[in-house]
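# Fold and contact review
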Amino acid sequence: MLFSLLLALAQGSVAQTPPAPPQVPPLAAATAPAKPALQWPARDAQATLRNFRFRSGETLSELRINYTMLGQPHRNARGEIDNAVMILHGTGGTGRQFLSPQFADELYGPGQPLDITRYWIILPDGIGHGKSSKPSDGLHMRFPHYDYDDMVEADYRLLKDELGIRRMRLVMGTSMGCMHGLVWGETHPDFLRALMPLACEPIEIAGLNRMWRQLAIDGIEADPAWAGGDYRAPPTQGLRTAASLLFVAGAAPLYFQAQYPRRAQAETFARERVAASIAQIDANDLIYQIDASRTYAPWAQLEKITVPTTWINSADDFINPRNLDLPQRAVARMKDARFRLIPESAETRGHGTHTAARFWKQDLVDLLQRTE
């Protein structure tokens, strides 16, 4: 569930770890693309939401939401856009993470499930992420304390008010985006034709899941260099604590054992990935990103999710343990929902299996077919 924040840690082969990619989502989990990325015709745009009021009571006169697009809108006989698909990233990620080979090359090409000649793909950067408004723009810890409901509301205003969409063909999301998907299903069920959450649970962030998140936040705030958020240089020791926790939370035990079977090799890889992550994380942004989950609690209103739903978790996900029976209990309360747990193997990617589309591609095909 959580995140793309889990340090997209595993890029490369056993023999050699390549240079860090331009952006390593702090909580993006382990992935290992086997081929170079294709060049997808993606284009960025920005919307400005005026006088945005957060659930905390705080406001921004201008909230900037950046989004990436593939394909073009199609209008039906009534003039309504009928092919819009939104994909929501995890904690610390951006919409552009869905241009990675293990995701895009499996889904966007001719004849593939989200063929961009058929669908208009919208990949927003959530509040506090990417090129959207965030603490590091200048407000630091005075930035409004957003939560998942605020992030969903901002995306809803983007789609409905800025892009003129009246009903989405599909909303899918990974980790934090998975949780956003459940919030979408409860708050805007008539706005969706299909929903596909990947890697999350339907309950309040508590237990071990909240503990390691809070420890990551505490690690940053305990660093004297953090200076209450007004640091002049990055609080490196605090960031190292947070990045190390995120690395472990996003790890895939069987996969990492197979790829890094020697001690020195494993140590080198972990240190390099944590160092690459530290270099690209803003401390205040990360605190906000992790803490945005604090009010998430969809369990009480699951019956409101009436849109056809396919929900996927993976058995080797540290953040969403396979032993929990919560998804099965939740699906029984939802009108038209199916749940599948991907078995653990040396090929799955722990929490990051949510972005390796080959593991759940057929589930997406089936969902689109059943909601035609």
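To be clear, the structure that these remarks concern was listed above.
Residues numbered from 1 in each chain as written. Predicted model: local features only at pLDDT ≥ 70, side-chain atom pairs only at ≥ 80, totals over all residues. Heavy atoms only, no water.

## Brief notes about helix H2 (residues 148-162)
Note the cut-off: To qualify as a helix, a DSSP run of H or I must reach at least 4 residues; to qualify as a strand, a run of E must reach at least 2; elements of each kind are numbered from the N terminus. Multiplying 1.5 Å by the residue count of a helix minus one yields the expected span of that helix. Note on classification: 1.4 Å probe, protein chains only; a residue is buried when its accessible area is under 20% of the maximum for its type, exposed when over 50%, partly exposed between these limits. Contact definition: two residues touch when any of their heavy atoms are within 4.5 Å. Polar contact is the term for a pair of N or O atoms within 3.5 Å; when the atoms are in protein, one must be able to donate a hydrogen and the other to accept it, and sequence-neighboring residues count only if both atoms are side-chain atoms.
Taking 1.5 Å per residue, 15 residues should reach 21 Å; H2 reaches 20 Å between its end C-alpha atoms and fits that length. Of the residues making up H2, those classed as buried are Tyr148, Asp150, Met151, Val152, Ala154, Asp155, Tyr156, Leu158 and Leu159. Where H2 is buried, its residues meet strand E3 (43-53), strand E4 (59-70), strand E5 (84-88), strand E6 (120-124), helix H3 (176-187) and helix H4 (207-221). Two to three positions downstream of the cap, the backbone nitrogen of aspartate 149 sits 3.2 Å from a side-chain oxygen, assigning the N-cap of H2 to aspartate 147. After H2 finishes, the residue glycine 164 shows a positive phi value of roughly 75°.

## Notes on the environment of arginine 53
Within the secondary structure, arginine 53 is located in strand E3. Using a relative accessible area of 59% as the deciding quantity, one classes arginine 53 as exposed. Placed 93 residues apart in sequence, arginine 53 and tyrosine 146 show a C-alpha to C-alpha distance of 9.7 Å. Beyond its immediate sequence surroundings of up to four residues, arginine 53 is in contact with Glu58, Thr59 and Asp150.

## A look at the pattern of salt bridges
Condition: For salt bridges, the criterion is a side-chain nitrogen of Lys or Arg within 4 Å of an Asp or Glu carboxyl oxygen.
This model, assessed by the stated rule, comprises 20 salt bridges. In this structure, lysine 134 and aspartate 137 form a salt bridge, with 3.5 Å as the shortest nitrogen-oxygen distance. On the basis of relative accessibility, which here comes to 44%, the residue aspartate 137 falls in the partly exposed class. Arginine 340 is the salt-bridge partner of aspartate 363, the closest N and O atoms lying 2.7 Å from each other. Taken together, the residues span a long stretch of sequence, with aspartate 363 in helix H10 (residues 361-370) and arginine 340 in strand E10 (residues 337-342) at a distance of 23 residues. Members of the salt-bridge network, linked through shared partners, are Asp44, Arg96 and Lys131.

## Describing the sheet that holds E6
Cut-off, in case you're wondering: A strand pair is defined by DSSP finding two or more bridges across the two strands. As a rule, the C-alpha atoms of each element are fitted with a line to give its axis, helices using only the stretch in contact, and angles between N-to-C directions run from 0 to 180 degrees.
Strand order in the open sheet made by the eight strands is E3-E4-E6-E5-E7-E8-E9-E10, with mixed pairing throughout. On the outer flanks of this sheet lie E3 and E10, each paired with one strand and no other. Going across the sheet, the axis of each strand differs from the next one's by a mean of 20°, ignoring polarity. The sheet contact formed by E5 and E6 spans three bridges and is parallel. In the sheet register, valine 85 faces E6, and the bridge partner there is isoleucine 121. Each of E3, E4, E5 and E6 touches H2; the most contacted strand, E3, lies at about 115° to it.

## Section: the packing of H4 against helix H8 (residues 283-291)
As a reminder of what qualifies: Orientation is classified from the angle alone, with under 35 degrees giving roughly parallel, over 145 giving roughly antiparallel, 65 to 115 giving roughly perpendicular, and any other angle giving oblique. The handedness criterion is simple: a crossing whose near helix is rotated anticlockwise from the far helix by less than a right angle is left-handed, and one whose near helix is rotated clockwise is right-handed. Each residue is assigned to one class: nonpolar for Ala, Val, Leu, Ile, Met, Phe, Trp, Tyr, Cys and Pro, charged for Asp, Glu, Lys and Arg, and polar for all the others, Gly among them.
Axis separation between H4 and H8 bottoms out at 10 Å; the angle between their running directions is 160°. The angle between the axes of H4 and H8 places the two elements in the roughly antiparallel class. Pair H4 / H8 crosses with left-handed handedness. Only Ala283, Leu286, Ile287, Ile290 and Asp291 of H8 make contact with H4, whose side of the interface consists of Arg210, Arg213, Ala216, Ile217, Ile220 and Glu221. When the residues that make up the contact of H4 with H8 are grouped by side-chain class, the tally is seven nonpolar, no polar and four charged.

## Observations concerning the state of the cysteines
To be explicit about the condition: Cysteine sulfur atoms that come within 2.5 Å of each other are treated as a disulfide pair.
Tallying each qualifying case throughout the model produces one disulfide. Here cysteine 178 engages in a disulfide with cysteine 200; their sulfurs sit 2.1 Å apart. Between cysteine 178 and cysteine 200 the disulfide shows an S-S torsion of about -60°. By sign, it is left-handed. Highlighted residues: cysteine 178 in helix H3 and cysteine 200 in the loop between strand E8 (195-198) and H4, separated in sequence by 22 residues.

## Some points on H3
For H3, built from twelve residues, the straight-helix expectation of 16 Å at 1.5 Å per residue is met to within 8% by its first-to-last C-alpha distance of 16 Å. Where burial is concerned, most of H3 is hidden: eleven out of the twelve residues are buried. Of the residues making up H3, those classed as buried are Met176, Gly177, Cys178, Met179, His180, Gly181, Leu182, Val183, Trp184, Gly185 and Glu186. Next to the buried residues of H3 lie E5, H2, strand E7 (170-174), E8, H4 and strand E9 (309-314).

## Looking at the packing of aromatic side chains
As a reminder of what qualifies: The aromatic pairing rule takes the rings of Phe, Tyr and Trp, using the six-membered ring of Trp, and pairs them if the centres are within 6.5 Å, calling planes under 30 degrees apart stacked, those over 60 edge-to-face and the rest tilted.
The full count for this structure, using the stated rule, is 19 aromatic pairs. Measuring from centroid to centroid gives 5.9 Å for tyrosine 255 and phenylalanine 256, while their planes differ by 40°, and the two rings are tilted. For phenylalanine 256, a relative accessible area of 13% gives the class buried. Aromatic side chains phenylalanine 256 and tyrosine 260 sit 6.0 Å apart centroid to centroid with 75° between the ring planes, which places their arrangement in the edge-to-face category. Like tyrosine 260, phenylalanine 256 is buried.

## Description of the nonpolar core
Short version of the rule: In plain words, nonpolar cores are sets of buried Ala, Val, Leu, Ile, Met, Phe, Trp, Tyr and Cys residues tied together by side-chain atoms within 4.5 Å.
In this structure, Leu63, Ile127, Leu159, Ile165, Met168 and Trp184 are the most contacted members of the largest nonpolar core, which totals 51 residues. No other element matches H2, which puts seven residues into this core. Residues within four places of methionine 168 in sequence aside, it is in contact with Ala84, Val85, Met86, Leu159, Phe191, Leu192 and Arg193. Trp40, Tyr119, Ile121 and Met172 belong to the second-largest nonpolar core, a separate cluster that totals 29 residues.

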